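# Inside the fold
One letter stands for each residue in the lines below.
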Amino acid sequence: YQRRVRERQRVRKNPMKLAICILLFSLCVASAVDFSGHKVIRAFPKTVQHLQVLRSLRQGNRALDFWLEPNAIGRPVDIRVPPAHLEQLKNSLRESAVHFSVQIEDVEPLVQRQLATSATDNFFASYHTLEEIQGWAKGFASKNPKLVRLINIGKSYEGRDLLVLKITAGKNKKNAGFWIDGGIHAREWITPATVIYMANQLVVDYNNGNQTVVQLLNNLEIYVMPVFNVDGYKYTWTGDRMWRKTRSPNAGSDCVGTDPNRNWDFQWGGAGADPDPCSDAYYGAKAFSEIEVKTVADFIFTNRKVIKGYINFHSYSQLWMSPWGYTDDYPVDYKVQNDVSKSCVQALKAVYGTEYSYGPIATTIYPASGNSADWTYGNSSVVYSYGVELRDTGEYGFVLPPDQIVPSGIETYEALKVFALAIVKASRNVAISN
């Protein structure tokens with residue numbers, strides 16, 4: 001496996017080998033599950049009854065993979081369906097008068113497209129294995145010792161390193177900073193790709209003398225966790241490209257894994273979390289049952305006097321969301337949280353015109369108890385806590401093509417700088433020139 005990965009890296013500069021490499025790497029490294037003929041059906045619930053039908057399908061047929069959940073009237077529901085279950089699904093929707101269309105004709109070619117290696121030398125224009133990402137992180141830190149420090153905060157259930165990049169200028173400890181992470185849900189590949197792009201760009205801009213970034217890094221500690229759910233992410237490359245959860249076993253069940261974004265010890269087990277170990281939203285045997293979640297939470301709590309902001313990146317739907325997720329009620333800091341969301345999405349849109357919606361988690365996407373942003377805000381007093389859903393809105397869903405990685409990184413980076421500026425201002429640090 002490692003030999004194949006190294007070969008994949010070597011041929012980036014050799015176009016003649018590229019096509020062969022893509023084929024061989026795809027055959028050898030891609031997930032064992034073959035998604036040939038799998039379609040993504042988009043359903044349009046218009047009534048409460050429609051929602052009930054879709055929810056029954058979700059509970060009654062584990063072969064159906066709901067990419068977008070049936071949570072509200074008028075919101076599309078995306079369902080990946082294997083060929084053997086397609087007609088049954090269509091018939092069920094027709095019988096219940098639920099309008100639907102085919103969103104993706106065949107998932108497998110898009111999976112293979114994601115595995116393609118960029119013909120350019122741009123590391124950030126391709127998706128990467130866990131080993132490649134962690135190798136990049138180590139090299140990134142060693143090449144930029146004055147700005148970047150690599151921290152190993154612990155081990156995953158399967159014994160993999162949980163790596164965090166600390167990016168800051170100067171040796172003095174700052175009184176403010178923030179945390180961002182990608183890959184908490186394993187199949188959301190655009191999130192680690194976007195996070196490492198932004199981490200790199202911060203250092204590039206600092207070294208190039210960008211006034212805003214220089215002043216930001218002079219006054220902030222920025223913690224970047226490229227891949228949160230390392231075991232799950234690894235498994236999306238070797239077992240099942242559509243895996244979402246962790247990889248820890250569940251007592252009394254053959255189903256593996258817990259949703260790491262329902263496992264936090266704040267309003268754990270409430271709305272939007274599932275007690276069924278076979279569900280992708282399973283909340284775990286107890287709060288913080290997942291070592292990855294507990295390790296990150298401990299780190300953030302220990303550094304809560306510095307960490308004033310938190311962004312947990314997801315895909316897909318193009319949403320910038322603040323607490324709460326466990327309830328429709330607004331938190332006391334709703335206005336300031338929502339104002340920052342608005343500023344971030346405006347900055348993001350200004351790049352390519354990409355439209356994001358914003359608001360509290362529960363009302364913007366769906367109820368989600370035990371999520372990370374609720375915990376960082378509710379338990380560690382991190383006012384500027386967010387969950388962000390990156391590109392796209394369903395044309396590709398979880399199989400976003402590699403040619404959208406850099407555009408996602410560029411536009412999200414603009415939002416990140418606005419977010420960082422808000423942290424600085426809230427902490428009464430020096431003014432930052434725009």
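Scope of this entry: the structure provided in the associated data block. (Residues numbered from 1 in each chain as written. Predicted model: local features only at pLDDT ≥ 70, side-chain atom pairs only at ≥ 80, totals over all residues. Heavy atoms only, no water.)

### A word on the overall build of the chain
Rules: The secondary structure listing takes helices from DSSP runs of H or I that are at least 4 residues long and strands from runs of E that are at least 2 residues long, numbered from the N terminus. Atoms counted for the radius of gyration: C-alpha only. Globule rule: 2.2 Å times residue count to the power 0.38. Relative accessibility decides the category of a residue: with a 1.4 Å probe and only protein chains considered, values under 20% of the type maximum give buried, values over 50% give exposed, and everything between is partly exposed. Pairs of residues are marked as contacts when any of their non-hydrogen atoms sit within 4.5 Å. None of His or the chain ends enter the tally, which takes Lys and Arg as positive and Asp and Glu as negative. We put the charge of a Lys on NZ, of an Arg on CZ, of an Asp on CG and of a Glu on CD.
A tally of helices and strands in the chain yields 14 helices and twelve strands. A compact globule built from 434 residues should have a C-alpha radius of gyration of about 22 Å, and the chain, at 21 Å, falls within 12% of that. Counting only C-alpha atoms, the chain reaches 65 × 60 × 45 Å along its principal axes. Across the 434 residues that make up the chain, the buried fraction comes to 61%. For the chain, long-range pairs separated by at least 24 residues make up 76% of all intrachain contacts whose partners lie at least 6 apart in sequence. With 48 positive and 42 negative side-chain charges, the chain shows a spacing of 7 Å between the two charge centroids.

### Examining the packing of aromatic side chains
Quick reminder of the rule: Stacked, edge-to-face and tilted labels apply to pairs of Phe, Tyr and Trp rings (six-membered ring for Trp) whose centres lie within 6.5 Å, assigned for plane angles under 30 degrees, over 60, and everything in between, in that order. Note on geometry: a ring has a charge over it if NZ (lysine) or CZ (arginine) is within 6 Å of the ring centre and within 35 degrees of the ring normal.
Taken as a whole and assessed by the stated rule, the structure comprises 28 aromatic pairs. Each ring, one from Trp136 and one from Phe140, has its centre 4.7 Å from the other, and the planes form 15 degrees; the classification is stacked. Note that Trp136 and Phe140 are positioned in helix α6 (residues 130–143) at a spacing of four residues, about one turn of the helix. Each member of the pair, Trp136 as well as Phe140, carries the same accessibility label: buried. On the numbers, 5.3 Å between centres and 15 degrees between planes, the contact of Phe266 with Trp324 is stacked. Of this pair, Phe266 sits in the loop between α9 (230–238) and α10 (291–302) while Trp324 sits in the loop between β10 (319–322) and α11 (334–352), and the two are 58 residues apart along the sequence. Each member of the pair, Phe266 as well as Trp324, carries the same accessibility label: buried. Aromatic ring contacts, followed pair by pair, group Phe123, Phe124, Trp136, Phe140 and Tyr197 into a single cluster. The side chain of Arg241 reaches across the aromatic face of Trp189, ending 3.7 Å from its centre. Its guanidinium or amino end placed over the ring of Tyr235, Arg247 lies 3.7 Å from that ring's centre, counting from NZ or CZ.

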